[in-house]
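Fold and contact review
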Amino acid sequence: VAYGVTAVPETVGGAGLVLPDKSALPFAAAVGRVLRDPQLRAVLSAAGLERAAGFDLGASTQRFVSLVKEAVAA
């Protein structure tokens with residue numbers, strides 16, 4: 001369960017519940033839903049592991065360096 005600010009929605013992808021604002025009651029309700037629903041919890045857990053596997057520091061670093069080089073050359 002996360003708030004949908006900055007890059008959080010993109011980072012979470014479909015592997016979590018992303019809320020539109022920092023209202024306490026909807027956040028508590030979402031956490032309660034995950035705690036009470038074993039099927040939802042299992043789906044989010046599996047999706048989270050799959051999502052995390054897609055992040056590669058080496059590839060991200062290479063992409064960042066490439067973009068910086070392009071920007072400097074422009």
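Describing the overall build of the chain
Helices and strands together make up the secondary structure of the chain, namely four helices and two strands. The order of α-helices and β-strands along the chain, N terminus first, is β-α-β-α-α-α. In terms of principal-axis extent, the alpha carbons of the chain reach across some 55 × 25 × 10 Å. Counting the 74 residues in the chain, one finds 14% classified as buried. The long-range fraction of contacts in the chain, counting pairs at least 24 apart against all pairs at least 6 apart in sequence, stands at 39%.

What to know about the packing of helix 2 (residues 24-36) against helix 3 (residues 38-53)
Running from N to C, helix 2 and helix 3 cross one another at 100 degrees; their axes reach a closest spacing of 5 Å. With respect to their mutual orientation, helix 2 and helix 3 come out roughly perpendicular. In this structure, helix 2 uses R33, V34, L35 and R36 to contact helix 3, whose residues at the interface are P38, L40, R41 and L44.

Side note on the nonpolar core
Judged by nonpolar contacts, L17, L19, A30, V34, L40 and L44 together constitute the single largest core of six residues. Contributing elements (two or more residues each) for this core: helix 2 and helix 3. Those residues in contact with L40, other than ones at most four positions away along the chain, are L17, R33 and V34.

Some details on a nonpolar patch on the surface
A cluster of nonpolar side chains, F64, V65, V68 and V72, forms an exposed patch at the surface whose accessible area comes to about 380 Å². Summarising the element assignment, V68 is placed in helix 4 (residues 57-73).

Some details on unusual backbone geometry
Phi at T6 is positive, roughly 45 degrees, even though this residue is not glycine. The topology assignment puts T6 in the loop between strand 1 (2-3) and helix 1 (8-12).

Some details on helix 4
Note on helix geometry: an α-helix contains 3.6 residues per turn, so any two residues three or four positions apart are oriented the same way. Between its terminal C-alpha atoms helix 4 stretches 24 Å, which fits the 24 Å expected from 17 residues at 1.5 Å a residue. For helix 4, the N-terminal cap is D56; the gap from its side-chain oxygen to the backbone nitrogen of G58 is 2.8 Å.

Structural notes on the packing of aromatic side chains
A complete count under the given rule lists one aromatic pair for this structure. Here the aromatic rings of Y3 and F27 are separated by 5.1 Å at their centres, their planes lie at 35 degrees, and the arrangement is tilted. Note that Y3 is positioned in strand 1 and F27 in helix 2, a separation of 24 residues in sequence. Relative accessible area serves as the criterion here: at 23%, Y3 is assigned to the partly exposed category.

Rules used throughout
Residues numbered from 1 in each chain as written. Predicted model: local features only at pLDDT ≥ 70, side-chain atom pairs only at ≥ 80, totals over all residues. Heavy atoms only, no water. Helix = DSSP H or I, 4+ residues; strand = E, 2+ residues; numbered from the N terminus. Buried < 20%, exposed > 50% of the residue type's maximum accessible area, 1.4 Å probe, protein only. Contact = heavy atoms within 4.5 Å. Axes fitted to C-alpha atoms, helices over the stretch in contact; angles between N-to-C directions. Parallel < 35°, antiparallel > 145°, perpendicular 65-115°, else oblique. Core = buried A, V, L, I, M, F, W, Y, C linked by side-chain atoms within 4.5 Å. Patch = residues over 30% accessible without salt bridge, like charges linked within 9 Å, V, L, I, M, F, W, Y side chains within 5 Å. Areas by Shrake-Rupley, 256 points an atom, 1.4 Å probe, with all protein chains shown as cover. Salt bridge = Lys/Arg side-chain N within 4 Å of Asp/Glu carboxyl O. Expected span 1.5 Å × (residues − 1). Polar contact = N/O pair within 3.5 Å; in protein donor to acceptor, adjacent residues only side chain to side chain. Phe/Tyr/Trp six-rings, centres within 6.5 Å; stacked < 30°, edge-to-face > 60°.

On their own, these measurements won't tell you what the molecule is for.
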